[in-house]
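Notes for the structure review
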Amino acid sequence: MNNTINFSKSTSFNLPKRGQSEFRFQIIGIGAILLSLAFLIWLIITVIFGSMGAFKHVEIAIQVDLTSKNVNADDVNSTSFGSIMKSGLREQFPDVKKRKDKKKLYKLISVESSLELKEKVLDNKDLLGQKVKIWVSASDDVSLYVRGKIDASLPEDQRKITDKEISWINNLGANGQIRTKVNWGFFKNGDSREPEIAGILAALVGSTLSLLVCFILSFPIGVSAAIFLEQFAPRNRLSDIIEVNINNLAAVPSIVFGLLGLSIFLGYFDLPRSSPLVGGMVLSLMTLPTIIIASRASLQAVPPSIKEAALALGATPVQAVFHHVFPVALPGMMTGTIVGMARALGDTAPLLMIGMVAFIVDIPKSILEPATALPVQVFLWADSPERAFNEKTSAAIIVLLIFLIVMNLSAVLLRRKLEQRF
Amino acid sequence: MIKEHIVGKFDDELTRIKSEILEMGKLVGNQIKEAMDALLSFNTEGVDALVKTDRTINGMNKKINRHAEQLIAMRQPMALDLREALLATSIASELERLGDYAKSTAKKVRKLSENSSGEAALALLGNMGEIVMDMLRNVLIAYEKNDIEAAAEIRIKDVEVDEINKKILATIIKSIHENPEDTETLIHLVLLSRNFERAGDHIVNISRQIHQIVTGEDLKASN
Amino acid sequence: MEAPIIQAKNVDVFYGEKQALSQVNLDVFEKQVTSLIGPSGCGKSTFLRCINRMNDLIPICRFEGDLEIDGQNIYHPAVNVVALRAQVGMVFQKPNPFPKSIKENVAYGLKIHGLTNSKSSLDDRIEWSLKAAGLWGEVSDRLDEPGLSLSGGQQQRLCIARAIAVKPRVILMDEPCSALDPIATAVIEDLINEISKEFTIIIVTHSMAQAARVSKRTAFFHLGELIEVGRTKDIFTNPSNEKTQNYITGRIG
């Protein structure tokens, strides 16, 4: 019998086989991670590239005649800025004579450009009585062409823009009458039928207000319920039933909560349709089970010895819980809440049920005004036929994702700030 | 009956000390017997061997002390076990003293002269030695079995030893008056008698210690 | 001998159907340390937790008999548990300071019971407690640091400071050194000896050597019964019951 052990002999103890299975598992694990990473990167890259255009804004400069011939300085509102624009365009291209061609010519600039001109005039009355060059938004098709999104080498009947229009655009371009700017309007405007001026702000405000309502309702209610269930409720059949049902509620499809909101909040309480108030209430219905479950888990994670210590010192059960258990569990509860709210942020179905799917141009000023939400806006734009809305969809997704990242980041920061070691 | 310890090694170590004491006791008993034989036959041949064996006994005493110290340090014995370990050292030193008496008895043989008027006293001494050896045997058995009743009997037996001692003293005083020329031998005989009387006392001490191990009660203190 | 401060008379405790303590009769005397020893599951911790009614927290736990402190039955319906626990403090097996500052840990009991009426008297009492717990010298310059930043032994002394801050009559200790190293244990034992001049202390311990070192009286529990109680000196040198002897000498019992 040889007493020295050979530690390097790899055939003993079934080592080769065991080594292989270790290796196999590692490969599978790494593969899984790489695959999901690849999908994530793919998603992000597609969305970012798809959205690039939405953050660019193409403008065309037109010579307009704002002299008293066209504008009555005392009554700017009644002025037809549309015809001023049109005549400016006709002056630029005097050889366009046919009615059909003229219509095409007018479509170079956005339908909303007369409003832009009006606003500019109202902002700066000095413009009145002059002939000035004014920058206005280009139409979506022009914008797409200028940014190279329309392939001019295709046959004319296969693209949305005719040879004639291309020649006008090239003409304008050669005169320095076309420029591309950062599209701040995207962040400043509400929705619009015209993709070139449609913005995300209304949806962003709508989502923020809804989530605010959701947080104000669901956090206190959820946390109170969790504390009571975890720390005070007696363990009996009733509390078991409640526990099972809360777990089930967390798995209920969100559209069901939407139906509930529709029939109770709108049907019975008659609250304003499409408002962030009702949206937030519906979302809080949806978030509550998640918050309760997460809060109970984080309460359970608090060592019972802390509560025992407080009780042994003569604290009442409520004091023991609120002085010692609750502060320790709070970061976990916050995280749970924010995770739940992040889910609510991305959810469309319940909002569709209570009418937050409406076309909202105005930015909501209170929780009672009609509003829409970010995911609903994504859905609406994705559904629109104009090609330029494709870019908007991607851009809206990016805004939604950034919103989510900000929320999760704040969760992490809150946690780090509040967390107590034990 | 006392149960075994959960830690088996603890029992082993206690048993080792006990068996070392029994072995030492047997050796001491042997020494006393040899010394008695030498005394009664005036044979000085075995004295050197006896002195040598006494050194072994002293060594055994030291070994038992060391083992008891180790046991106390390593096992932290409590109650009964603590007394067992502590009193083992006392018993060992009592036995060592007994060994010393055997040695000095053997050495005295050289100084005694045969055919003196001490015959009667010598016979009594032989008697005394028998009793002491018997006591020692019994005390070792009592120690082995933790038998406090047997130990108590030994304390009663010691009264006989004291009686014989007094008788020897009276006999020798008479002899000195009658045969002053034998005074030296007779005085040695007195000393020997005293040796055996003291040996009896040491055995009584051992029997008290056995009582203390088992009951925790210190008989000397309660006297 | 003076009258006992705590008297247990025919105490039975049940966990559901299982009887954890049966017919325990035990007297505890004032301003000395009494230790409760016995094998795991013998009921010594259960008995300890009856004294400040921490067992009330376990729904299936049922108490029968009489447990008197200063002649008042603490299981009488008129007894307020909060008032009882203000008088009977407890130190646990694992150091469990609150996840707050050292100062707040000591001040907590004082605050909830409203025992101090000014900031300076609060600070005085905190200092007194930390000094009594032998911790003042180590933490006086960092009272605002978290209690959990201390070492295990210091944390346990902080828990003792927290318990004595409200000046209870009795302090219960449930294996207070089982999570500590021998040096920290020795420090705590010395501390127990010191504070026993002012407080009545009952300590549950698995270490017989510790019971022998710190307590004046020792009670041995076995299978829910109080087998023997007496002066620690006697219990550890010459117990009168064979079960006690077998337990303390490490024999199969």
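Values in this document were obtained by computation on a predicted structure and should not be read as measured data.

1. As for the overall build of chain C
Per the secondary structure count, chain C includes 10 helices and 10 strands. Taking 18 Å as the expected radius of gyration for a compact globule of 253 residues, we find that chain C reaches 18 Å, a close match to that expectation. Summarising its shape, the C-alpha atoms of chain C cover approximately 55 × 45 × 35 Å along the three principal directions. Counting all 253 residues of chain C, 47% fall into the buried class. Taking the contacts inside chain C whose residues are at least 6 apart along the sequence as the reference set, 68% of them involve residues at least 24 apart.

2. Topic: the packing of helix α11 (residues 276-300) of chain A against helix α13 (residues 317-346) of chain A
The description of two packed helices rests on the angle between their axes and on the distance between the axes. All names here are of chain A. Where α11 contacts α13, the two axes come as close as 8 Å, and the packing angle between them is 150°. α11 and α13 meet at a crossing whose hand is right-handed. Judged by residue contacts, L283, M286, T287, T290, I291, A294, S295, S298 and L299 of α11 engage V325, A329, G332, M333, G336, T337, V339, G340, M341, R343 and A344 from α13. Here the contact of α11 with α13 is built from residues that sort into 11 nonpolar, 8 polar and 1 charged.

3. Description of the interface of chain B and chain C
If you look at the interface, chain B gives 13 residues, while chain C gives 13 residues. Of the residues contributing to the side of chain B that touches chain C, the split by class is 7 nonpolar, 3 polar and 3 charged.

4. Section: helix α1 (residues 15-51) of chain A
For α1(A), which comprises 37 residues, the first-to-last C-alpha distance of 54 Å matches the rise-based estimate of 54 Å (1.5 Å per residue) to within 8%. Sparse coverage of α1(A) is indicated by the burial of 1 of its 37 residues.

5. Concerning the domain arrangement of chain A
Residues and elements named next belong to chain A. Per the domain assignment, the segments of chain A are domain 1 (55-183) and domain 2 (201-418). Relative placement of domain 1 and domain 2: their C-alpha centres are 46 Å apart. Tallying the contact residues gives 4 residues for domain 1 and 4 residues for domain 2. Of the residues belonging to the side of domain 1 that touches domain 2, the class tally is 2 nonpolar, 1 polar and 1 charged.

What counts, and at which threshold
Residues numbered from 1 in each chain as written. Chains lettered and ligands numbered in written order. Predicted model: local features only at pLDDT ≥ 70, side-chain atom pairs only at ≥ 80, totals over all residues. Helix = DSSP H or I, 4+ residues; strand = E, 2+ residues; numbered from the N terminus. Rg over C-alpha atoms; globule rule 2.2 N^0.38 Å. Buried ≥ 20, exposed ≤ 12 C-beta atoms within 10 Å, placed from the backbone. Contact = placed C-beta atoms within 7 Å. Axes fitted to C-alpha atoms, helices over the stretch in contact; angles between N-to-C directions. Left-handed = near helix turned anticlockwise from the far one by under 90°. Nonpolar A, V, L, I, M, F, W, Y, C, P; charged D, E, K, R; others polar. Expected span 1.5 Å × (residues − 1). Domains from an automatic or database assignment.

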